[in-house]
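# Notes for the structure review
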Amino acid sequence: MNKKEVFKLAKGFRGRAKNCIRIARERVEKALQYSYRDRRNKKRDMRSLWIERINAGTRVHGVNYGNFMHGLVKENIQLNRKVLSELSMHEPYSFKALVDVSRTAFPGNKNMTSAPKKEGLAILV
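So, a few notes on the structure that sits alongside this text. Throughout, residues of each chain are indexed from 1 in the direction in which the sequence is written. In view of the model being predicted, local features appear only for residues whose pLDDT reaches at least 70, and side-chain atom pairs are presented and counted only at 80 or more, with totals across whole chains, interfaces and linings using the full set of residues. Note that the side-chain values use all heavy atoms of the structure and ignore hydrogens as well as water.

## What about a nonpolar patch on the surface?
Patch membership requires over 30% relative accessible area and the absence of a salt bridge. Like charges are linked within 9 Å, and nonpolar side chains (Val, Leu, Ile, Met, Phe, Trp, Tyr) within 5 Å. Computed with a 1.4 Å probe, the accessible areas rest on the Shrake-Rupley method; for each residue, only the protein chains presented here act as cover. Take a side-chain nitrogen of Lys or Arg and a carboxyl oxygen of Asp or Glu: if they are within 4 Å of each other, that pair is a salt bridge. Taken together, the side chains of M1, L9 and L32 define a hydrophobic patch exposed on the protein surface, amounting to about 300 Å² of accessible area. Only DSSP runs of H or I covering at least 4 residues are called helices, and only runs of E covering at least 2 are called strands; the numbering of each starts at the N terminus. Following the sequence through the fold, L32 ends up in helix 2 (residues 21-60). For each residue, the accessible area found with a 1.4 Å probe, counting protein chains only, is set against the maximum for its type, and the residue is called buried under 20%, exposed over 50%, and partly exposed in between. Residue L32 is classed as partly exposed on the basis of its relative accessible area of 41%.

Structure below.
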């Protein structure tokens, strides 16, 4: 990279990293490494977030995430995790229908019961 490109990419950096070529080149190179790495980490983080949202939505209906997804696969319902996450948040009735379909497809879903509710000091007595 020539000097002009380095300073263009270093715009907004603090201290001498924005106007001293040697330091700016190092900082820009490191920034590009971070951006390359984090583009991949962003995909990983979003997938984790979608799975958490789906799991929360399915547990409301008494099914855990793994059994729910297995039931969808057995019924050949090909919705990705992003769409399922949006459905669980914004379309609860549609998501409930999917949970019911998954429950009928996989017998492991039928026996799941929700955990007992904890009631303050009543547990200790």
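## Structural notes on the nonpolar core
For our purposes a nonpolar core is just a set of buried Ala, Val, Leu, Ile, Met, Phe, Trp, Tyr and Cys residues, chained together by side-chain atoms within 4.5 Å. Within the largest apolar cluster, 11 residues are counted, these being I54, V63, Y65, F68, M69, L72, L84, L87, F95, L98 and V99. For this core, the secondary-structure elements that each account for two or more residues are helix 3 (65-74), helix 4 (81-90) and helix 5 (92-105). It is helix 3 that provides the largest number of residues to this core, a total of 4 residues. A contact between two residues is defined here by any heavy atoms of the two lying within 4.5 Å. With sequence-adjacent residues up to four places away left out, I54 is seen in contact with Y65, F68, R81, L84, S85, S88 and F95.

## With respect to unusual backbone geometry
Phi is positive for N76, close to 60°, though the residue is something other than glycine. Within the secondary structure, N76 sits in the loop between helix 3 and helix 4.

## Some remarks on the pattern of salt bridges
In total, this model carries 3 salt bridges according to the counting rule given. D38 is the salt-bridge partner of R37, the closest N and O atoms lying 2.9 Å from each other. For R37, a relative accessible area of 42% corresponds to the partly exposed category. Classification of D38 as partly exposed rests on a relative accessible area of 33%. One continuous salt-bridge network, built from bridges that share partners, spans K96, D100 and R103.

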